[in-house]
Amino acid sequence: MTVRFGVIGTGAIGREHINRITNTLSGGRIVAVTDVNQKAAREVVETFGLDAVVYPDDTSLIADTNVDAVLVTSWGPAHEGSVLKAIDAGKYVFCEKPLATTEEGCMRIVEAEMKHGKRLVQVGFMRRYDSGYVQLKDALDRNEAGEPLMIYCAHRNPDVDEKYTTDMAITDTLVHEIDVLHWLVNDDYQSVQVIFPKRTKRALDHLRDPQVIIFETKTGMHISVEVFVNCKFGYDIQCEVVCEEGTLKLPDVSGVVMKKEGRQGSTLLMDWKRRFIDAYDKELQDFMDSIQASGEPQGPTAWDGYIAATTADACVRAQQSGQRETIASADKPDFYA
Ligand code: NAI
Ligand code: NAD
Ligand code: ISE
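Residues numbered from 1 in each chain as written. Chains lettered and ligands numbered in written order. Predicted model: local features only at pLDDT ≥ 70, side-chain atom pairs only at ≥ 80, totals over all residues. Heavy atoms only, no water.

**Here we look at the domain arrangement of the protein chain**
Looking at the protein chain, the domain boundaries give domain 1 (3-123) and domain 2 (130-268 + 321-336). Measuring from the centre of the C-alpha atoms in domain 1 to the corresponding centre in domain 2 gives 28 Å. A buried area of about 680 Å², summed over both sides, lies between domain 1 and domain 2, and 69% of it is on carbon and sulfur atoms. Among the residues domain 1 hides against domain 2, the three largest losses belong to Lys97, Met114 and Arg119. Together they make up 58% of the total. Here Asp172 makes a salt bridge to Lys97, at a shortest N to O gap of 3.3 Å. Counting every contact that joins domain 1 to domain 2 gives two residue pairs in polar contact (both at pLDDT 80 or more). Residue composition of the side of domain 1 that touches domain 2, by class: three nonpolar, one polar and four charged. (Domains from an automatic or database assignment. Buried area = accessible area lost by both parts, 1.4 Å probe. Salt bridge = Lys/Arg side-chain N within 4 Å of Asp/Glu carboxyl O. Polar contact = N/O pair within 3.5 Å; in protein donor to acceptor, adjacent residues only side chain to side chain. Nonpolar A, V, L, I, M, F, W, Y, C, P; charged D, E, K, R; others polar.)

This is how it looks when you write it as structure tokens:
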């Protein structure tokens with residue numbers, strides 16, 4: 001059986017996912033698209049040669065009986081409404097992060113999914129599928145370097161546009177670390193503090209950049225993440241876990257090393273599209289394969305989306321207060337065990 005997708009939001013990542021489902025992965029087909037910018041929706045149909053209906057809005061797309069699964073790649077504040085409508089129609093949903101922009105919004109999705117009675121939703125936390133993070137997790141689960149004590153991370157983008165605000169360093173960027181790090185070490189966040197070091201001259205006036213976010217976990221681990229979104233030199237993701245017997249470091253993406261004119265080096269990636277390209281492929285292939293095999297997606301859940309939202313909310317409070325803020329989440333329902 002082919003999973004027939006309806007896509008809501010045909011911007012940057014919407015197009016990336018349409019391309020991979022159409023040209024790289026197996027078992028899926030795009031049959032419907034919509035975007036508030038209807039021109040963008042019509043353009044993807046032409047660009048990718050799709051046999052797909054262009055709908056005026058998410059409601060009409062979700063109602064199409066040919067749509068088995070909905071891919072939500074609109075901007076964050078629009079996600080909750082589309083996901084709730086898809087659950088209401090009993091359709092599978094792959095939703096890009098954030099699942100919803102508020103803790104309450106995520107909880108509404110969790111409750112709707114539990115009421116439906118089986119899992120329909122997967123959230124686009126693709127780092128859990130990245131081979132580097134998977135290797136790190138294997139080494140940690142096998143206790144190869146002993147108990148983890150501290151983690152040092154960096155999430156660097158070369159630049160951001162004028163719509164990017166100080167809180168988005170948390171909700172748009174850090175959110176990937178928020179999801180992957182507690183999964184990596186099987187621990188829960190307890191509190192967070194945000195520090196603003198000297199500001200880069202490259203940040204627009206309204207943006208505080210860089211930022212350092214320091215978490216404490218329930219077992220007492222310290223996790224420090226530098227978010228620096230005007231670093232200029234490239235897209236750079238770093239993660240080093242310091243354990244009792246040694247350290248474990250996320251591998252850098254390898255590229256050809258060139259020696260020339262007295263210098264040796266390799267090129268760096270300049271945006272997120274290629275750094276996690278294999279992980280994006282794997283998460284969507286897994287979404288389709290799991291639906292076919294078990295009738296439920298097996299990737300990051302709506303509950304993971306909720307945990308990311310409660311954690312992000314505390315980080316934004318910590319940005320504003322300058323104090324250490326407690327991270328409080330509800331207890332995990334058995335449904336997501
Ligand atoms: P974008 O701005 O390029 O595209 C968003 C598209 O959604 C636009 O075409 C816009 O017209 C459309 N849109 C907005 N509201 C809509 C609505 N209510 N109904 C229909 N269409 C709507 O944004 P981008 O970069 O593609 O990001 C989209 C989502 O993907 C965001 O949630 C973002 O956080 C996430 N994302 C995830 C990444 C990852 O690494 N997992 C990387 C980049 C984005
Ligand atoms: P984008 O702005 O390029 O595209 C968003 C598109 O959604 C636009 O075409 C916009 O017109 C459309 N849109 C907005 N509201 C809509 C609505 N209500 N209904 C239909 N369409 C709507 O943004 P993007 O970079 O593609 O990001 C989209 C989402 O993907 C964001 O949530 C972002 O956080 C996420 N994202 C995730 C990753 C990742 O690494 N996982 C990377 C990039 C973006
Ligand atoms: C973007 O939305 C993503 O999700 C990327 O993975 C991240 O690196 C970037 O900072 C975000 O803006």
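**Looking at the UniProt feature "domain: Gfo/Idh/MocA-like oxidoreductase N-terminal" (unreviewed entry) in the protein chain**
According to UniProt, the positions carrying the feature "domain: Gfo/Idh/MocA-like oxidoreductase N-terminal" (unreviewed entry) are residues 3-125. The distance from the first to the last C-alpha atom of residues 3-125 is 20 Å, and the span holds 42% helix and 22% strand. (UniProt positions renumbered as here; feature names shortened; annotations may be inferred. Helix = DSSP H or I, 4+ residues; strand = E, 2+ residues; numbered from the N terminus.)

**Quick word on the site of ligand 3**
Lys97, His155, Asn157, Asp172, Thr173, His176, Tyr235 and Trp272 make up every residue found near ligand 3. Contacts to ligand 3 include Lys97, whose side-chain N or O atom sits 2.8 Å from an oxygen atom. One nitrogen or oxygen atom from the side chain of His176 is found 2.8 Å from an oxygen atom belonging to ligand 3. Per-element tally for the shell around ligand 3: the top contributor is helix 7 (residues 168-185), with three residues. (Near = heavy atom within 4 Å.)

**Thoughts on the sheet that holds strand 3 (residues 53-55)**
With parallel pairing, six strands are arranged side by side in an open sheet as 3-2-1-4-5-6. This sheet does not close on itself; its edge strands, each paired only once, are strand 3 and strand 6 (121-123). With strand direction ignored, the average angle separating the axes of adjacent strands in the sheet is 25°. Here strand 2 (residues 28-34) runs beside strand 3; their pairing, made up of three bridges, is parallel. Of the residues in strand 3, the one forming a bridge with Thr34 is Tyr55. (Pairing = 2+ DSSP bridges. Axes fitted to C-alpha atoms, helices over the stretch in contact; angles between N-to-C directions.)

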